[in-house]
Amino acid sequence: MPYSIRLNVENDQDNAKSYTIEGSNHLIVGRQQDCAIVLADENVSDYHCLIDISPSSSAIRDLGSLSGTYLNGQPIGQRFRDISNKEFHPTENVTFFLNSGDSIKIGKYKINLEIFDSSYAAKSKRYCELCGESLLDDEEDFCAECQRDPGKILDFLMAKSPNSPYKNIDLLGQGSMGQVWLVENRSDLQKLALRILPANASDEESLRHFRASINMASKLEHPNIVRQFESAHAGGAYKIFMEYCDGGSLLELMKKNGGKLSLALAS
């Protein structure tokens, strides 16, 4: 097969096991015997995380575990103990794309990834897809300089992927916590707001606030609260697809009403 992934599973007792997957597949990792990868540890949830294997982009998402899933030492998702399984929805956690050499920590287990892709086997160096500059070991598809302009990357990805379900329309706004773009679903023409946290804002404090906003928004449902549909991490940036509200900004609305809003209008 041109594409395969090997998952080397080991624990603190030096017990090791390898799984080699060819082509596309979906693997549930957890404590239950019907999981594709069974981890016998009381700190591992019954259905802990999902590893989505695809030649185009393999990814991992925590499924609401209590102890959390860690990618290269960083937490990527978990469920708070005061939230039941029924109340939790897996989309509350962000999808993270995987690269060869990544390490996943689940309870006392560590899963090391090896990705084999014959179509890229001859390439000894990696280059930025946007500007062509050589990539550093800790850079993904785009160099640090290009990651400072998420809009440019977004335009590039949309043009590169004509079969993408979304097309970029316009920049709605930007601030210290990133940019918001207007995108359109090609199939049903639904307009969504795409929020992007750029690489130069991705310090630990910003990421903490960004993850908190994802978790908070996914738990809220009200006619006056913007809905969140999907979140992901790719190209060195965090992305959230949200409901698009075409009534303008809150600041514009306040200006139209003398600088303040009545209780009836605000509610």
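Further up the page is the structure itself.
Quick caveat: nothing in here was measured; it's all calculated off a predicted structure. (Residues numbered from 1 in each chain as written. Predicted model: local features only at pLDDT ≥ 70, side-chain atom pairs only at ≥ 80, totals over all residues. Heavy atoms only, no water.)

**Let's talk about the overall build of the protein chain**
Link 1 in the chain: Along the backbone of the protein chain there are five helices and 16 strands.
Link 2 in the chain: Here the protein chain holds 267 residues, and 38% of them are scored as buried.
Link 3 in the chain: The long-range share in the protein chain, meaning contacts at least 24 apart out of those at least 6 apart in sequence, stands at 44%.
Link 4 in the chain: When the accessible surface of the protein chain is totalled, it reaches about 15,700 Å², and 51% of it is carbon and sulfur. (Helix = DSSP H or I, 4+ residues; strand = E, 2+ residues; numbered from the N terminus. Buried < 20%, exposed > 50% of the residue type's maximum accessible area, 1.4 Å probe, protein only. Contact = heavy atoms within 4.5 Å. Areas by Shrake-Rupley, 256 points an atom, 1.4 Å probe, with all protein chains shown as cover.)

**Section: the nonpolar core**
Link 1 in the chain: Counting residues in each nonpolar core, the largest one holds 31 residues, and the members touching the most others are Leu7 and Ile51.
Link 2 in the chain: Secondary structure elements with two or more residues in this core: strand E1 (3-11), strand E2 (16-22), strand E3 (25-30), strand E5 (49-53), strand E10 (103-106), strand E11 (109-117) and strand E16 (237-243).
Link 3 in the chain: Those residues in contact with Leu7 that lie beyond four places of it in its chain are Lys17, Ser18, Tyr19, Ile21, Leu27, Ile37, Ile51, Ile111 and Asn112.
Link 4 in the chain: Membership of the second largest hydrophobic core comes to eight residues, among which are Val183, Leu192, Leu194 and Phe241. (Core = buried A, V, L, I, M, F, W, Y, C linked by side-chain atoms within 4.5 Å.)

**Observations regarding the environment of Glu230**
Link 1 in the chain: Take Glu230: it is sitting in strand E15 (residues 228-234).
Link 2 in the chain: Setting aside residues up to four positions removed in sequence, Glu230 forms contacts with Tyr166, Lys239, Ile240 and Phe241.

**Description of the sheet that holds E2**
Link 1 in the chain: Strand order in the open sheet made by the six strands is E2-E1-E11-E10-E7-E8, with antiparallel pairing throughout. The open sheet has two edge strands with one neighbour each: E2 and strand E8 (74-77). Each strand of the sheet is rotated relative to its neighbour by a mean of 25°, with strand direction disregarded.
Link 2 in the chain: In the sheet, strand E7 (residues 69-71) pairs with E10 via two bridges, with the strands oriented antiparallel. Bridging across to E10, Tyr70 finds its partner in Lys105. (Pairing = 2+ DSSP bridges. Axes fitted to C-alpha atoms, helices over the stretch in contact; angles between N-to-C directions.)

**Examining the pairing of E8**
Link 1 in the chain: As paired strands, E7 and E8 are joined by three bridges and run antiparallel to one another. In the strand pairing of E8, Tyr70 is matched with Pro75.
Link 2 in the chain: Joining the antiparallel neighbours E7 and E8 is a turn of two residues, in which Asn72 adopts a positive phi near 50°.

**Concerning a nonpolar patch on the surface**
Link 1 in the chain: Taken together, the side chains of Met216, Leu220 and Ile225 make up a nonpolar region of the molecular surface, amounting to roughly 270 Å² of accessible area.
Link 2 in the chain: Following the sequence through the fold, Leu220 ends up in the loop between helix H3 (204-219) and E15. (Patch = residues over 30% accessible without salt bridge, like charges linked within 9 Å, V, L, I, M, F, W, Y side chains within 5 Å. Salt bridge = Lys/Arg side-chain N within 4 Å of Asp/Glu carboxyl O.)

**Observations regarding the side chain of Arg61**
Link 1 in the chain: In this fold, Arg61 is placed in strand E6 (residues 59-62).
Link 2 in the chain: Owing to a relative accessible area of 15%, Arg61 belongs among the buried residues under this scheme.
Link 3 in the chain: A polar atom in the side chain of Arg61 sits 2.5 Å from the side chain of Thr95. (Polar contact = N/O pair within 3.5 Å; in protein donor to acceptor, adjacent residues only side chain to side chain.)

**Focus: the environment of Ile225**
Link 1 in the chain: Among the secondary structure elements, Ile225 is positioned in the loop between H3 and E15.
Link 2 in the chain: Judged by relative accessible area, which is 31%, Ile225 ranks as partly exposed.
Link 3 in the chain: Taking C-alpha positions, Ile225 is 9.3 Å from Glu243, a pair spaced 18 residues apart along the chain.
Link 4 in the chain: Residues contacting Ile225, with those up to four places away along its chain left out, are Leu220 and Glu243.

**Regarding the state of the cysteines**
Link 1 in the chain: Throughout the structure, instances matching the rule amount to zero disulfides.
Link 2 in the chain: Sulfur of Cys35: no disulfide; nearest cysteine sulfur belongs to Cys49 and is 9.0 Å away.
Link 3 in the chain: Accessibility expressed as a relative area gives 0% for Cys49, which makes it buried. (Disulfide = S-S within 2.5 Å.)

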